[in-house]
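Here is how the chains run, residue by residue.
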Amino acid sequence: MEERWSTEHVLSLAPDAASRKAAGKLSSPAPWSGTGTDGAALWGECRGSGRTPYRTVIELATPAYQCSCPSRKFPCKHALGLLLLWSGAPEAVPAGEPADWAAEWLRARRERAEKRAAPPADPEAARRRAERRGARVAAGAAELRLRLADRIRHGLADRSTAGPWEEVAARMVDAQAPGLATRVRELDSLPEERLLAEYAMLHLLATAATRIDELPPELAATVRARVGYTLDAAEVLTGPTVRDRWLVLGSRDTADERLTTRRVWLRGAKTGRPALLLAFGRPGQAPDLALPTGHLLEAELAYHPGARPLRAALGTRYGAPEPGPAAPPAGLTVAEAVAGYGTAVADDPWLDSWPTVLAGVVPVRAPDGWHLTDGHHTVPVRTSAVPEAALWRLVAVSTGRPLTVFGEYGHQGFAPVTVWSAEHRPVGLSSS
(Lines give C-alpha, C1' and ligand atoms only; values in the text may rest on other atoms or scores of the structure.)
Protein backbone atom coordinates (compact mmCIF):
# COMPACT_ATOMS: atom_id res chain seq x y z
CA MET A 1 0.00 0.00 0.00
CA GLU A 2 1.42 3.36 -0.99
CA GLU A 3 2.34 5.88 1.69
CA ARG A 4 -0.03 8.85 1.74
CA TRP A 5 1.27 12.25 2.71
CA SER A 6 0.10 13.95 5.86
CA THR A 7 -2.00 17.11 5.69
CA GLU A 8 0.91 19.07 7.21
CA HIS A 9 3.21 17.78 4.47
CA VAL A 10 0.80 18.81 1.71
CA LEU A 11 0.20 22.28 3.13
CA SER A 12 3.95 22.88 3.44
CA LEU A 13 4.00 23.02 -0.37
CA ALA A 14 1.58 25.97 -0.51
CA PRO A 15 3.06 29.29 -1.71
CA ASP A 16 0.98 31.32 0.78
CA ALA A 17 -1.81 31.23 3.38
CA ALA A 18 -4.49 32.11 0.82
CA SER A 19 -3.58 29.04 -1.23
CA ARG A 20 -3.81 26.82 1.84
CA LYS A 21 -7.28 28.15 2.64
CA ALA A 22 -8.52 27.78 -0.96
CA ALA A 23 -7.12 24.26 -1.20
CA GLY A 24 -9.11 23.21 1.86
CA LYS A 25 -12.32 23.98 -0.04
CA LEU A 26 -11.20 21.63 -2.84
CA SER A 27 -10.20 18.73 -0.60
CA SER A 28 -13.53 16.89 -0.82
CA PRO A 29 -14.63 14.59 -3.69
CA ALA A 30 -17.51 16.89 -4.77
CA PRO A 31 -15.67 19.13 -7.30
CA TRP A 32 -13.50 16.31 -8.68
CA SER A 33 -13.99 13.78 -11.45
CA GLY A 34 -11.71 11.38 -13.31
CA THR A 35 -9.26 11.19 -10.41
CA GLY A 36 -6.66 8.46 -10.22
CA THR A 37 -3.17 7.43 -9.19
CA ASP A 38 -0.59 4.92 -10.33
CA GLY A 39 1.55 5.34 -7.22
CA ALA A 40 3.92 7.76 -8.94
CA ALA A 41 1.43 10.42 -10.05
CA LEU A 42 -2.03 11.84 -9.34
CA TRP A 43 -4.49 13.31 -11.82
CA GLY A 44 -8.02 14.61 -11.88
CA GLU A 45 -10.41 17.20 -13.28
CA CYS A 46 -11.77 19.91 -11.01
CA ARG A 47 -15.02 21.75 -11.70
CA GLY A 48 -14.54 25.51 -11.77
CA SER A 49 -16.53 28.55 -12.79
CA GLY A 50 -16.18 27.82 -16.53
CA ARG A 51 -17.70 25.14 -18.69
CA THR A 52 -14.46 23.15 -18.96
CA PRO A 53 -13.02 21.56 -15.80
CA TYR A 54 -9.42 22.26 -14.88
CA ARG A 55 -7.07 19.35 -15.56
CA THR A 56 -4.53 18.76 -12.80
CA VAL A 57 -1.64 16.28 -12.76
CA ILE A 58 1.02 15.82 -10.08
CA GLU A 59 4.25 13.84 -10.26
CA LEU A 60 4.83 12.77 -6.65
CA ALA A 61 8.55 12.02 -6.52
CA THR A 62 9.81 15.60 -7.05
CA PRO A 63 6.95 16.74 -6.64
CA ALA A 64 5.98 18.60 -9.83
CA TYR A 65 2.62 20.00 -10.94
CA GLN A 66 0.65 20.94 -14.03
CA CYS A 67 -2.81 22.52 -14.10
CA SER A 68 -4.82 24.11 -16.89
CA CYS A 69 -6.10 26.87 -14.59
CA PRO A 70 -4.81 30.45 -15.13
CA SER A 71 -3.35 30.81 -11.63
CA ARG A 72 0.18 32.21 -11.38
CA LYS A 73 0.72 30.54 -8.02
CA PHE A 74 2.59 27.28 -8.03
CA PRO A 75 1.35 24.82 -6.91
CA CYS A 76 -2.15 26.17 -7.49
CA LYS A 77 -5.12 25.52 -5.23
CA HIS A 78 -6.29 22.69 -7.50
CA ALA A 79 -3.01 20.78 -7.15
CA LEU A 80 -3.05 21.28 -3.39
CA GLY A 81 -6.72 20.27 -3.21
CA LEU A 82 -6.05 17.07 -5.16
CA LEU A 83 -3.15 16.22 -2.85
CA LEU A 84 -5.35 16.82 0.21
CA LEU A 85 -8.08 14.62 -1.29
CA TRP A 86 -5.59 11.82 -1.97
CA SER A 87 -4.15 12.20 1.53
CA GLY A 88 -7.43 12.32 3.45
CA ALA A 89 -9.77 10.21 1.31
CA PRO A 90 -7.76 7.54 -0.55
CA GLU A 91 -10.91 5.87 -1.85
CA ALA A 92 -11.69 9.06 -3.82
CA VAL A 93 -8.48 8.68 -5.85
CA PRO A 94 -8.53 5.08 -7.13
CA ALA A 95 -5.59 3.24 -8.66
CA GLY A 96 -5.45 3.17 -12.43
CA GLU A 97 -3.64 4.22 -15.61
CA PRO A 98 -3.12 7.95 -16.28
CA ALA A 99 -5.60 9.73 -18.51
CA ASP A 100 -4.20 10.55 -21.96
CA TRP A 101 -3.62 14.22 -21.13
CA ALA A 102 -1.86 13.34 -17.87
CA ALA A 103 0.24 10.62 -19.50
CA GLU A 104 1.40 13.07 -22.18
CA TRP A 105 2.63 15.60 -19.61
CA LEU A 106 4.40 12.90 -17.58
CA ARG A 107 6.09 11.52 -20.71
CA ALA A 108 7.29 14.98 -21.79
CA ARG A 109 8.65 15.61 -18.31
CA ARG A 110 10.66 12.36 -18.37
CA GLU A 111 12.10 13.25 -21.78
CA ARG A 112 13.20 16.68 -20.55
CA ALA A 113 14.91 15.10 -17.55
CA GLU A 114 16.77 12.64 -19.78
CA LYS A 115 17.87 15.47 -22.06
CA ARG A 116 19.22 17.51 -19.14
CA ALA A 117 21.18 14.48 -17.91
CA ALA A 118 22.84 13.96 -21.31
CA PRO A 119 26.56 14.87 -21.56
CA PRO A 120 27.51 18.08 -23.40
CA ALA A 121 27.50 17.77 -27.16
CA ASP A 122 30.98 19.29 -27.51
CA PRO A 123 33.30 18.55 -24.55
CA GLU A 124 36.15 20.53 -26.13
CA ALA A 125 34.02 23.66 -26.43
CA ALA A 126 32.93 23.21 -22.80
CA ARG A 127 36.59 22.99 -21.76
CA ARG A 128 37.44 26.22 -23.60
CA ARG A 129 34.51 28.01 -21.96
CA ALA A 130 35.70 26.82 -18.55
CA GLU A 131 39.20 28.13 -19.23
CA ARG A 132 37.89 31.53 -20.30
CA ARG A 133 35.76 31.79 -17.19
CA GLY A 134 38.67 30.76 -14.97
CA ALA A 135 40.77 33.58 -16.39
CA ARG A 136 37.97 36.12 -15.85
CA VAL A 137 37.41 34.99 -12.27
CA ALA A 138 41.13 35.19 -11.47
CA ALA A 139 41.32 38.71 -12.92
CA GLY A 140 38.25 39.82 -11.00
CA ALA A 141 39.61 38.33 -7.76
CA ALA A 142 42.94 40.12 -8.27
CA GLU A 143 41.10 43.42 -8.73
CA LEU A 144 39.09 42.81 -5.55
CA ARG A 145 42.28 42.27 -3.56
CA LEU A 146 43.55 45.65 -4.73
CA ARG A 147 40.26 47.35 -3.79
CA LEU A 148 40.33 45.83 -0.31
CA ALA A 149 43.97 46.79 0.22
CA ASP A 150 43.16 50.35 -0.88
CA ARG A 151 40.37 50.62 1.72
CA ILE A 152 42.67 49.34 4.46
CA ARG A 153 45.44 51.74 3.43
CA HIS A 154 43.09 54.73 3.83
CA GLY A 155 41.71 53.37 7.12
CA LEU A 156 38.25 52.08 7.93
CA ALA A 157 37.26 55.35 9.60
CA ASP A 158 38.09 57.42 6.50
CA ARG A 159 34.83 57.67 4.61
CA SER A 160 36.00 60.43 2.25
CA THR A 161 37.43 57.97 -0.29
CA ALA A 162 35.18 55.01 0.52
CA GLY A 163 32.27 54.95 -1.88
CA PRO A 164 29.63 52.23 -2.00
CA TRP A 165 30.71 48.72 -2.88
CA GLU A 166 27.98 48.24 -5.52
CA GLU A 167 30.31 49.25 -8.35
CA VAL A 168 32.89 46.68 -7.22
CA ALA A 169 30.15 44.05 -6.96
CA ALA A 170 29.13 44.78 -10.55
CA ARG A 171 32.74 44.21 -11.60
CA MET A 172 32.65 40.81 -9.92
CA VAL A 173 29.47 39.95 -11.83
CA ASP A 174 31.27 40.89 -15.05
CA ALA A 175 34.08 38.58 -13.97
CA GLN A 176 31.56 35.71 -13.64
CA ALA A 177 32.16 35.48 -9.88
CA PRO A 178 28.64 35.94 -8.41
CA GLY A 179 29.69 34.56 -5.03
CA LEU A 180 32.26 37.32 -4.64
CA ALA A 181 29.69 39.86 -5.82
CA THR A 182 27.22 38.81 -3.12
CA ARG A 183 29.80 39.11 -0.33
CA VAL A 184 30.98 42.49 -1.63
CA ARG A 185 27.42 43.90 -1.65
CA GLU A 186 27.01 42.91 1.99
CA LEU A 187 29.94 45.13 3.02
CA ASP A 188 27.86 48.31 2.76
CA SER A 189 25.39 47.04 5.40
CA LEU A 190 27.89 45.63 7.91
CA PRO A 191 28.57 47.44 11.19
CA GLU A 192 32.05 48.91 11.49
CA GLU A 193 33.10 46.45 14.17
CA ARG A 194 32.66 43.56 11.70
CA LEU A 195 34.20 45.20 8.65
CA LEU A 196 37.83 44.31 9.27
CA ALA A 197 37.03 40.61 9.84
CA GLU A 198 34.92 40.48 6.67
CA TYR A 199 37.63 42.30 4.67
CA ALA A 200 40.11 39.65 5.84
CA MET A 201 37.87 36.71 4.91
CA LEU A 202 37.03 38.24 1.55
CA HIS A 203 40.71 38.93 0.84
CA LEU A 204 41.51 35.32 1.73
CA LEU A 205 38.81 34.06 -0.66
CA ALA A 206 39.95 36.36 -3.46
CA THR A 207 43.55 35.21 -2.97
CA ALA A 208 42.49 31.57 -3.14
CA ALA A 209 40.48 32.30 -6.30
CA THR A 210 43.62 33.55 -8.06
CA ARG A 211 45.42 30.27 -7.40
CA ILE A 212 42.73 27.60 -7.50
CA ASP A 213 44.92 25.27 -9.56
CA GLU A 214 47.54 25.22 -6.78
CA LEU A 215 45.12 24.17 -4.02
CA PRO A 216 44.33 20.62 -2.85
CA PRO A 217 41.31 19.27 -4.81
CA GLU A 218 38.85 19.43 -1.90
CA LEU A 219 39.81 22.98 -0.93
CA ALA A 220 39.77 24.05 -4.58
CA ALA A 221 36.21 22.74 -4.87
CA THR A 222 35.23 24.75 -1.77
CA VAL A 223 36.75 27.93 -3.22
CA ARG A 224 34.94 27.41 -6.53
CA ALA A 225 31.63 27.03 -4.73
CA ARG A 226 32.25 30.16 -2.63
CA VAL A 227 33.25 32.17 -5.69
CA GLY A 228 30.06 31.19 -7.48
CA TYR A 229 30.71 28.17 -9.65
CA THR A 230 27.65 25.92 -9.69
CA LEU A 231 27.07 22.27 -10.47
CA ASP A 232 23.80 20.87 -11.78
CA ALA A 233 22.22 18.13 -9.70
CA ALA A 234 22.55 15.74 -12.65
CA GLU A 235 26.29 16.43 -12.78
CA VAL A 236 26.71 15.88 -9.03
CA LEU A 237 24.75 12.61 -9.23
CA THR A 238 27.24 11.20 -11.73
CA GLY A 239 29.69 10.94 -8.84
CA PRO A 240 29.67 8.70 -5.76
CA THR A 241 26.38 8.42 -3.87
CA VAL A 242 25.57 7.57 -0.25
CA ARG A 243 22.54 5.41 0.42
CA ASP A 244 21.05 5.73 3.88
CA ARG A 245 17.82 6.24 5.76
CA TRP A 246 17.91 10.01 6.14
CA LEU A 247 16.20 11.65 9.11
CA VAL A 248 14.64 14.99 8.16
CA LEU A 249 15.87 17.35 10.89
CA GLY A 250 14.06 20.45 9.68
CA SER A 251 13.55 22.95 6.89
CA ARG A 252 13.52 26.72 6.45
CA ASP A 253 12.33 29.03 3.66
CA THR A 254 13.91 32.39 2.91
CA ALA A 255 12.66 34.75 0.21
CA ASP A 256 13.57 37.92 -1.63
CA GLU A 257 11.97 39.69 -4.57
CA ARG A 258 13.43 37.20 -7.04
CA LEU A 259 13.52 33.80 -5.37
CA THR A 260 12.31 31.60 -2.54
CA THR A 261 14.99 29.25 -1.21
CA ARG A 262 14.11 26.17 0.81
CA ARG A 263 16.78 24.47 2.91
CA VAL A 264 16.13 20.92 4.13
CA TRP A 265 18.59 19.36 6.58
CA LEU A 266 19.06 15.59 6.85
CA ARG A 267 21.11 13.20 8.97
CA GLY A 268 21.99 9.66 7.92
CA ALA A 269 20.64 7.07 10.36
CA LYS A 270 23.56 4.71 9.65
CA THR A 271 26.36 7.04 8.56
CA GLY A 272 25.50 9.94 10.88
CA ARG A 273 26.46 12.34 8.07
CA PRO A 274 24.62 15.67 7.82
CA ALA A 275 23.31 16.81 4.46
CA LEU A 276 21.67 19.97 3.12
CA LEU A 277 19.23 19.93 0.22
CA LEU A 278 18.34 23.18 -1.56
CA ALA A 279 15.24 23.88 -3.65
CA PHE A 280 14.15 27.12 -5.30
CA GLY A 281 10.90 28.70 -6.40
CA ARG A 282 10.00 31.83 -8.32
CA PRO A 283 7.81 34.51 -6.68
CA GLY A 284 4.40 33.00 -5.98
CA GLN A 285 5.79 29.48 -6.38
CA ALA A 286 6.74 27.21 -3.50
CA PRO A 287 9.99 25.25 -3.93
CA ASP A 288 9.25 21.79 -5.28
CA LEU A 289 11.00 19.85 -2.50
CA ALA A 290 8.99 19.07 0.63
CA LEU A 291 10.04 16.45 3.18
CA PRO A 292 8.20 16.22 6.51
CA THR A 293 10.33 16.93 9.56
CA GLY A 294 10.87 13.90 11.78
CA HIS A 295 10.35 11.41 8.94
CA LEU A 296 12.88 9.00 7.47
CA LEU A 297 13.58 8.84 3.75
CA GLU A 298 15.61 6.00 2.30
CA ALA A 299 17.46 7.49 -0.64
CA GLU A 300 20.77 8.05 -2.35
CA LEU A 301 22.48 11.41 -1.94
CA ALA A 302 25.44 12.76 -3.87
CA TYR A 303 27.48 15.43 -2.08
CA HIS A 304 28.79 18.50 -3.84
CA PRO A 305 32.60 18.36 -3.71
CA GLY A 306 34.36 20.38 -1.05
CA ALA A 307 36.67 20.31 1.93
CA ARG A 308 33.65 19.97 4.25
CA PRO A 309 30.87 18.40 2.13
CA LEU A 310 27.36 19.34 3.24
CA ARG A 311 25.19 20.36 0.29
CA ALA A 312 23.87 17.32 -1.55
CA ALA A 313 21.70 16.36 -4.51
CA LEU A 314 18.81 13.97 -3.97
CA GLY A 315 19.06 10.90 -6.16
CA THR A 316 17.07 7.68 -6.20
CA ARG A 317 14.40 7.37 -3.53
CA TYR A 318 13.43 3.99 -2.16
CA GLY A 319 9.86 4.63 -1.12
CA ALA A 320 8.04 7.57 0.41
CA PRO A 321 9.08 9.25 3.70
CA GLU A 322 8.10 7.17 6.73
CA PRO A 323 7.52 8.24 10.34
CA GLY A 324 10.82 8.44 12.19
CA PRO A 325 11.86 7.10 15.58
CA ALA A 326 9.69 7.89 18.59
CA ALA A 327 12.54 9.80 20.24
CA PRO A 328 14.49 12.97 19.50
CA PRO A 329 17.77 12.62 17.58
CA ALA A 330 20.99 12.33 19.55
CA GLY A 331 22.44 15.73 20.37
CA LEU A 332 25.51 17.53 21.70
CA THR A 333 26.28 19.71 24.67
CA VAL A 334 26.94 23.38 23.97
CA ALA A 335 30.68 22.84 24.47
CA GLU A 336 30.67 19.95 22.00
CA ALA A 337 28.76 22.04 19.47
CA VAL A 338 31.33 24.85 19.70
CA ALA A 339 34.16 22.35 19.21
CA GLY A 340 32.35 20.77 16.26
CA TYR A 341 31.94 24.10 14.51
CA GLY A 342 35.61 24.85 15.12
CA THR A 343 36.59 21.60 13.43
CA ALA A 344 34.36 22.43 10.45
CA VAL A 345 35.85 25.93 10.12
CA ALA A 346 39.33 24.43 10.07
CA ASP A 347 38.32 22.71 6.81
CA ASP A 348 36.29 25.61 5.35
CA PRO A 349 37.38 29.04 6.69
CA TRP A 350 34.34 30.76 5.10
CA LEU A 351 31.79 28.54 6.85
CA ASP A 352 29.25 30.75 8.63
CA SER A 353 27.42 27.92 10.43
CA TRP A 354 27.13 24.16 10.74
CA PRO A 355 24.00 22.00 11.31
CA THR A 356 23.90 21.00 14.97
CA VAL A 357 21.54 19.18 17.34
CA LEU A 358 21.74 20.44 20.92
CA ALA A 359 20.50 18.15 23.69
CA GLY A 360 19.26 19.15 27.13
CA VAL A 361 19.07 22.91 26.56
CA VAL A 362 16.62 25.45 27.97
CA PRO A 363 15.68 28.73 26.25
CA VAL A 364 16.30 31.86 28.33
CA ARG A 365 15.50 35.47 27.58
CA ALA A 366 18.05 37.81 29.14
CA PRO A 367 18.60 41.60 28.92
CA ASP A 368 21.19 41.06 26.18
CA GLY A 369 18.93 38.75 24.12
CA TRP A 370 17.90 35.11 23.81
CA HIS A 371 20.13 32.22 24.83
CA LEU A 372 20.15 28.43 25.06
CA THR A 373 21.83 26.91 28.10
CA ASP A 374 22.59 23.36 29.17
CA GLY A 375 23.40 24.39 32.73
CA HIS A 376 27.14 24.54 32.09
CA HIS A 377 27.54 26.64 28.98
CA THR A 378 25.35 29.12 27.12
CA VAL A 379 25.06 29.97 23.44
CA PRO A 380 23.35 33.13 22.10
CA VAL A 381 20.41 32.73 19.74
CA ARG A 382 20.81 34.41 16.33
CA THR A 383 17.52 36.27 16.48
CA SER A 384 17.93 37.77 13.00
CA ALA A 385 17.28 34.29 11.57
CA VAL A 386 14.24 33.40 13.70
CA PRO A 387 10.94 35.30 14.12
CA GLU A 388 10.18 36.52 17.64
CA ALA A 389 6.96 34.49 17.72
CA ALA A 390 8.94 31.33 16.96
CA LEU A 391 11.18 31.95 19.97
CA TRP A 392 8.15 32.28 22.24
CA ARG A 393 6.89 29.03 20.73
CA LEU A 394 10.18 27.47 21.77
CA VAL A 395 9.59 28.71 25.32
CA ALA A 396 6.03 27.32 25.28
CA VAL A 397 7.27 23.90 24.21
CA SER A 398 9.98 23.94 26.88
CA THR A 399 7.98 25.26 29.89
CA GLY A 400 11.34 25.37 31.64
CA ARG A 401 12.31 21.78 30.83
CA PRO A 402 15.46 20.79 28.87
CA LEU A 403 14.81 20.13 25.20
CA THR A 404 16.45 18.77 22.07
CA VAL A 405 16.79 21.54 19.47
CA PHE A 406 18.13 21.37 15.93
CA GLY A 407 19.55 24.41 14.16
CA GLU A 408 22.65 26.03 12.73
CA TYR A 409 25.51 26.99 15.03
CA GLY A 410 28.09 29.53 13.92
CA HIS A 411 30.17 32.51 14.97
CA GLN A 412 27.05 34.68 15.31
CA GLY A 413 25.23 32.19 17.53
CA PHE A 414 22.64 29.44 17.17
CA ALA A 415 19.65 29.69 14.81
CA PRO A 416 17.02 27.13 15.95
CA VAL A 417 14.96 25.37 13.27
CA THR A 418 13.20 22.47 15.04
CA VAL A 419 12.44 21.57 18.66
CA TRP A 420 11.22 18.23 19.99
CA SER A 421 8.42 18.44 22.55
CA ALA A 422 8.04 16.33 25.69
CA GLU A 423 5.94 13.95 23.56
CA HIS A 424 8.90 13.70 21.14
CA ARG A 425 6.95 15.49 18.40
CA PRO A 426 9.03 17.80 16.18
CA VAL A 427 7.84 21.40 16.11
CA GLY A 428 9.09 23.75 13.39
CA LEU A 429 10.46 27.15 14.40
CA SER A 430 11.11 28.57 10.94
CA SER A 431 8.00 30.72 10.63
CA SER A 432 5.87 32.92 12.82
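Structure: above.
Residues numbered from 1 in each chain as written. Predicted model: local features only at pLDDT ≥ 70, side-chain atom pairs only at ≥ 80, totals over all residues. Heavy atoms only, no water.

Caption draft 1: Main features of the environment of Gly 319. Within the element layout of this structure, Gly 319 appears in the loop between strand S9 (312–317) and strand S10 (322–323). The exposure class assigned to Gly 319 is partly exposed, which follows from its relative accessible area of 45%. As a C-alpha pair, Gly 319 and Arg 267 span 52 residues in sequence and 17 Å in three-dimensional space. (Helix = DSSP H or I, 4+ residues; strand = E, 2+ residues; numbered from the N terminus. Buried < 20%, exposed > 50% of the residue type's maximum accessible area, 1.4 Å probe, protein only.)

Caption draft 2: Spatial organisation of the sheet that holds strand S15 (residues 413–420). Within the open sheet, the six strands sit side by side as S13-S12-S11-S14-S15-S16. Their pairing is antiparallel. Two strands in the sheet have a free side with no partner beyond their single neighbour: strand S13 (378–380) and strand S16 (426–428). Across this sheet, the average inter-strand angle for adjacent strands is 50°, counted without regard to direction. In this sheet, S13 lies alongside strand S12 (residues 369–373) in antiparallel orientation, the contact comprising three bridges. What sits directly across from His 371, in S13, is Pro 380. The strands that helix H11 (residues 334–347) touches are strand S11 (353–366), S12, S13 and strand S14 (403–410); relative to S11, the one it contacts most, it runs at about 145°. (Pairing = 2+ DSSP bridges. Axes fitted to C-alpha atoms, helices over the stretch in contact; angles between N-to-C directions. Contact = heavy atoms within 4.5 Å.)

Caption draft 3: Examining the packing of helix H5 (residues 123–154) against helix H8 (residues 192–209) more closely. Running from N to C, H5 and H8 cross one another at 150°; their axes reach a closest spacing of 8 Å. Put simply, H5 runs roughly antiparallel to H8. H8 is crossed by H5, and the crossing has left-handed handedness. Taken together, the residues of H8 that come into contact with H5 (itself represented by Val 137, Ala 138, Ala 141, Leu 144, Arg 145, Leu 148, Arg 151 and Ile 152) are Leu 196, Tyr 199, Leu 202, His 203, Ala 206, Thr 207 and Ala 209. Of the residues that constitute the contact of H5 with H8, the class distribution is 11 nonpolar, two polar and two charged. (Parallel < 35°, antiparallel > 145°, perpendicular 65-115°, else oblique. Left-handed = near helix turned anticlockwise from the far one by under 90°. Nonpolar A, V, L, I, M, F, W, Y, C, P; charged D, E, K, R; others polar.)

Caption draft 4: Structural view of the pairing of strand S7 (residues 274–281). Bridging between strand S6 (residues 260–268) and S7 involves eight bridges; their strand directions are antiparallel. Bridged to Arg 267 within S7 is Pro 274. A loop of five residues connects S6 with S7, the two strands running antiparallel in sequence, and Gly 272 in this loop sits at a positive phi of about 75°.

Caption draft 5: Spatial organisation of the environment of His 154. One can find His 154 in helix H5. Judged by its relative accessible area of 37%, His 154 is partly exposed. For His 154 and Gly 315, which are 161 residues apart along the polypeptide, the C-alpha to C-alpha distance reads 51 Å. A polar contact is formed between the side chain of His 154 and the backbone oxygen of Asp 150, at a distance of 2.9 Å. (Polar contact = N/O pair within 3.5 Å; in protein donor to acceptor, adjacent residues only side chain to side chain.)

Caption draft 6: Structural view of the pattern of salt bridges. Under the definition given, this model contains 20 salt bridges. In this structure, Arg 147 and Glu 167 form a salt bridge, with 3.0 Å as the shortest nitrogen-oxygen distance. With Arg 147 in helix H5 and Glu 167 in helix H6 (residues 166–174), the pair connects residues that are 20 residues apart, well separated along the chain. Arg 147 sits in the partly exposed class, given a relative accessible area of 28%. For Glu 167, a relative accessible area of 43% translates into the label partly exposed. Put simply, Glu 298 and Arg 243 hold a salt bridge, and the shortest N to O gap is 2.8 Å. Taken together, the residues span a long stretch of sequence, with Glu 298 in strand S8 (residues 295–303) and Arg 243 in strand S5 (residues 242–255) at a distance of 55 residues. Its relative accessible area of 26% is what places Glu 298 among the partly exposed residues. When salt bridges that share partners are traced, they join Glu 124, Arg 127, Arg 128 and Glu 131 into one network. (Salt bridge = Lys/Arg side-chain N within 4 Å of Asp/Glu carboxyl O.)

Caption draft 7: Geometry of the side chain of Asp 244. Note that Asp 244 resides in strand S5. One buried charged residue, Asp 244, remains without a salt bridge, the closest side chain of opposite sign being Lys 270 at 4.7 Å. For Asp 244, the side chain forms a polar contact with the main-chain nitrogen of Thr 271, separated by 2.9 Å. Setting aside residues up to four positions removed in sequence, Asp 244 forms contacts with Gly 268, Ala 269, Lys 270, Thr 271, Gly 272, Leu 297, Glu 298 and Ala 299. (Lys, Arg positive; Asp, Glu negative; His and termini not counted.)

Caption draft 8: Main features of the nonpolar core. Among the nonpolar cores identified, the biggest contains 35 residues, and Leu 372 and Val 419 are the most heavily contacted of them. Elements that contribute at least two residues to this core include exactly S5, H11, S11, S12, helix H12 (388–398), S14 and S15. Counting residues per element, this core draws most heavily on S15, which supplies five residues. Among residues more than four places away in sequence, those in contact with Leu 372 are Val 334, Leu 358, Val 361, Val 362, Pro 363, His 377, Thr 378, Val 379, Val 381, Leu 394 and Phe 414. (Core = buried A, V, L, I, M, F, W, Y, C linked by side-chain atoms within 4.5 Å.)

Caption draft 9: Here's a closer look at H12. Three or more residues of H12 are buried, namely Ala 390, Leu 391, Leu 394, Val 397 and Ser 398. Taken down its axis, H12 places every buried residue within 115° of arc, on the same side. Where H12 is buried, its residues touch S11, S12, S14, S15 and S16. Downstream of H12 by one or two residues, Thr 399 has phi in the positive range, about 45°. (Arc of directions from axis to C-beta.)

Caption draft 10: Broad picture of helix H9 (residues 217–227). Residues of H9 that are buried include every one of Ala 220, Ala 221, Thr 222, Val 223 and Val 227, and no others. Of the surrounding elements, those touching the buried residues of H9 are H5, helix H7 (178–186) and H8.

Caption draft 11: Molecular detail of the sheet that holds strand S2 (residues 41–46). Read across the sheet, four strands follow the order S1-S2-S3-S4 without closing on themselves; strand pairing throughout is antiparallel. The open sheet has two edge strands with one neighbour each: strand S1 (32–37) and strand S4 (64–67). Between one strand axis and the next, the sheet turns by 10° as a mean value, whatever way the strands run. Where S1 and S2 come together, four bridges link them in antiparallel fashion. Within S2, the residue paired with Thr 37 across the bridge is Leu 42.

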